[in-house]
There are 2 protein chains.
Amino acid sequence: MRYHKIPDETVKRLPLYWRALKFMSAQGETHISSQKLSDISHINPWQIRKDLSYFGALGVRGIGYKTKKLSEKIGDILRLNGTQKAALVGVGNLGQALLKYSGFKSYGLEIIAAFDKNHKTIGKTINQVTIDNISKLRELKRSKIHIGIITVPEAEAQEVAVELVNAGVCGILNFAPLYLDLPKNVTVINIDIALDLALLPYYMPAKLVARRYIGK
Amino acid sequence: MRYHKIPDETVKRLPLYWRALKFMSAQGETHISSQKLSDISHINPWQIRKDLSYFGALGVRGIGYKTKKLSEKIGDILRLNGTQKAALVGVGNLGQALLKYSGFKSYGLEIIAAFDKNHKTIGKTINQVTIDNISKLRELKRSKIHIGIITVPEAEAQEVAVELVNAGVCGILNFAPLYLDLPKNVTVINIDIALDLALLPYYMPAKLVARRYIGK
């Protein structure tokens, strides 16, 4: 079930805790304190304790949390313990990088289909996935894939998104820098690298900033 | 100056507003309501009004905000109106995608140097940037570049980060899935695509989730 009582801001931090717990568990640590979890995840200990308390995980003073049990619990909440199949559309540089990335599996996700319209790209095999002609997107319906990853140029993203939804996709990871206009029952997570990048100058040391901004 | 009174959560949303305002301004709209800004940015109108009020931007009822003035103001706060030079290290698939991405400039950033250790990659020119041998990273100091973008594999990221800092970099955009251990005066923004991806199953419609998770 969805844990409706968990605030979205907390949900966003859960993958960080999950990864840190997996890491500690692999190192043979049976327990972990909120302070240690903070050292790895770079989130305040009090924030961690509050976040984890939303689903009843309470650490024991002086001992901490049970590493394995807590990572399983978070994995269950985020539904990372199963394997979801995904289709990727747009095998340019970013699409290729994602296809070659081996880390998705540990997040319960496997890209098993990829599409492009470039005839030089169609037919190639990357990481055991053979790239199909984008015109075959509608045949995706048969393979029961519910997650789509969009790495096409901005101008093509909306059309591709609609085709994915028509083919049965209801969760989309969108790398194109625009908001997709889709039915409400489709979940879209937008990843816009430039927006993160735009935060960098703001947080950089003031001494390096051009004088004209100072004192404004 | 840094607007210390602006909460970080608000700062994170400013690039979204900035992009929406630029878009509306380009369409010739002199004013924009919080509702319209909400339609484009997908953030609640009340949240927008609260965010903008932190730096004194108050809309006029029935008229809204002045599009151009507000976008300039946000650009000043985020320091996006200048041009900052950046160096990219690791020209694999992701690095290439970033080098080819033309959108950085509108965020006040220009990648003017790139490094790799692969001899097949060194010497190639992508988007007017010729890829240098990573051994020349220390010579970066002369070019007064203060922003580094790390797209090397996880195992090499820490070492590269230290070299960048030694070469005068104080702002790092890190795509490797680990926390960099660096001096406090270095700003690091971590971009971990897999962590965003990990949120997708959680937000997907419950009907598609394996039965074993239901009722837990």
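Look a little higher up for the structure.
One numbering rule holds for all chains: residues counted from 1, following each sequence as written. Chains and ligands are labelled sequentially in the order written, the chains with letters from A and the ligands with numbers from 1. In keeping with the model being predicted, local features are shown solely for residues with a pLDDT of at least 70 and side-chain atom pairs are shown and tallied solely at 80 or more, while totals for entire chains, interfaces and linings include all residues. Side-chain numbers here rest on the full set of heavy atoms in the structure, without hydrogens or water.

Only runs of H or I of at least four residues qualify as helices and only runs of E of at least two qualify as strands under DSSP, and these elements are numbered from the N terminus. For chain A, the helix and strand inventory stands at 8 helices and 9 strands. With respect to the principal axes defined by its C-alpha atoms, chain A has extents near 60 × 55 × 35 Å. In this description, contact between two residues means that some pair of their heavy atoms is separated by no more than 4.5 Å. Considering only contacts within chain A whose residues lie at least 6 apart along the sequence, 56% involve residues at least 24 apart. In the form shown here, chain A has an accessible surface area of approximately 10900 Å², with 50% of it arising from carbon and sulfur atoms. When charges are counted, Lys and Arg are positive and Asp and Glu negative, with His and the chain ends excluded. A charge is said to be at NZ when it belongs to Lys, at CZ for Arg, at CG for Asp and at CD for Glu. Placing the 31 positive and 18 negative side-chain charges of chain A at their respective mean positions leaves the two points 6 Å apart. Accessible areas in this description were obtained via Shrake-Rupley with a 1.4 Å probe; residue shielding takes into account the shown protein chains only.

Residues and elements named next belong to chain B. Following DSSP output, two strands are said to pair if at least two bridges run between them. Taken together, the 7 strands give an open sheet; going across it, the order is β5-β6-β4-β3-β7-β8-β9, and neighbouring strands pair in mixed fashion. Sheet topology places β5 (125–126) and β9 (187–190) at the edges, where each strand pairs with a single neighbour. Relative to strand β6 (residues 129–133), β5 is paired through 2 bridges, and the arrangement is antiparallel. The partner of Ile126 across the bridge, within β6, is Val129.

The next thing to look at is unusual backbone geometry. Of note in the backbone geometry, Asn127 of chain A takes a positive phi value of approximately 50° without being a glycine. Tracing the backbone shows Asn127 of chain A in the loop between β5 (125–126) and β6 (129–133). The phi torsion at Lys144 of chain B lies on the positive side, around 50°, for a residue other than glycine. Mapping Lys144 of chain B onto the fold places it in the loop between β6 and β7 (147–150). Each residue is assigned to one of three classes by its accessible area relative to the maximum for its type, calculated with a 1.4 Å probe on protein chains only: buried under 20%, partly exposed between the two thresholds, exposed over 50%. Assessed through its relative accessible area of 63%, Lys144 of chain B is described here as exposed.

On to the relation of the copies chain A and chain B. Each copy superposes on the other: chain A lies on chain B with an RMSD of 0.0 Å after a rotation of 180° and an axial shift of 0.0 Å. In short, the pair behaves as if placed about a two-fold rotation axis. In this assembly, 100% of the residues forming the interface of chain A have copies in chain B that are likewise at the interface, indicating an isologous arrangement. Fitting of the copies onto one another was done by least squares over C-alpha atoms, counting residues only where both copies have pLDDT of at least 70.

Our next topic: the pattern of salt bridges. Salt bridges are defined as contacts in which a side-chain nitrogen from Lys or Arg sits within 4 Å of a carboxyl oxygen from Asp or Glu. Going through the model one piece at a time under the given rule, you end up with 10 salt bridges over all chains. Two residues, Glu9 of chain A and Lys12 of chain A, come together in a salt bridge whose shortest N-O distance is 3.4 Å. On the criterion of helical spacing, the pair formed by Glu9 of chain A and Lys12 of chain A is a turn pair, its members being 3 residues apart in helix α1 (residues 8–26). With a shortest N-O distance of 4.0 Å, Asp132 of chain B and Lys136 of chain B are connected by a salt bridge. With a relative accessible area of 31%, Asp132 of chain B lands in the partly exposed category. When its relative accessible area of 37% is taken as the criterion, Lys136 of chain B is described as partly exposed.

If you look at the interface, chain A gives 67 residues, while chain B gives 67 residues. When chain A packs against chain B, the two sides together hide about 6800 Å² of surface, and 66% of this comes from carbon and sulfur. Counting across the interface, chain A meets chain B through 0 salt bridges. Here a polar contact is taken to be a pair of N or O atoms separated by no more than 3.5 Å, where protein atoms must pair a possible hydrogen donor with a possible acceptor and residues adjacent in sequence count only if both atoms sit in side chains. Linking chain A with chain B are 4 residue pairs in polar contact (both at pLDDT 80 or more), by the criterion used here. Nonpolar residues are Ala, Val, Leu, Ile, Met, Phe, Trp, Tyr, Cys and Pro. Charged residues are Asp, Glu, Lys and Arg, and all others, Gly as well, are polar. Here the side of chain A that touches chain B is composed, by residue class, of 43 nonpolar, 12 polar and 12 charged. In this description, buried area is defined as the sum, over both parts, of the accessible area (probe of 1.4 Å) that is lost when the two are combined.

Residue and element names in this part refer to chain B. It is at 10 Å that the axes of helix α1 (residues 8–26) and helix α2 (residues 34–41) come closest, and there the two elements cross at 105°. The angle between α1 and α2 falls in the class roughly perpendicular. Judged by residue contacts, Leu16, Tyr17, Ala20, Leu21, Phe23 and Met24 of α1 engage Lys36, Leu37, Ile40 and Ser41 from α2. Tallied by class, residues from the contact of α1 with α2 come to 8 nonpolar, 1 polar and 1 charged. Fitting a line to C-alpha atoms yields each axis, with helices limited to the stretch in contact; the angle taken between N-to-C directions then spans 0 to 180 degrees. Here is the rule for angles: anything less than 35 degrees is roughly parallel, anything more than 145 is roughly antiparallel, 65 through 115 is roughly perpendicular, and the remaining ranges are oblique.

We now examine the side chain of Thr121 of chain A. Considering the arrangement of structural elements, one finds Thr121 of chain A in the loop between β4 (109–116) and β5. What Thr121 of chain A contacts, discounting residues up to four positions off in sequence, is Val91, Asp116 and Ile131 of chain A.

So, on to the nonpolar core. With 108 residues, the main nonpolar core has Leu52 and Ile74 of chain A together with Leu52 and Ile74 of chain B as its most contacted residues. Residues contacting Leu52 of chain B, with those up to four places away along its chain left out, are Tyr17, Leu37, Ala57, Tyr65, Leu70 and Ile74 of chain B. Note on terminology: a nonpolar core comprises buried Ala, Val, Leu, Ile, Met, Phe, Trp, Tyr and Cys residues joined through side-chain atoms within 4.5 Å.

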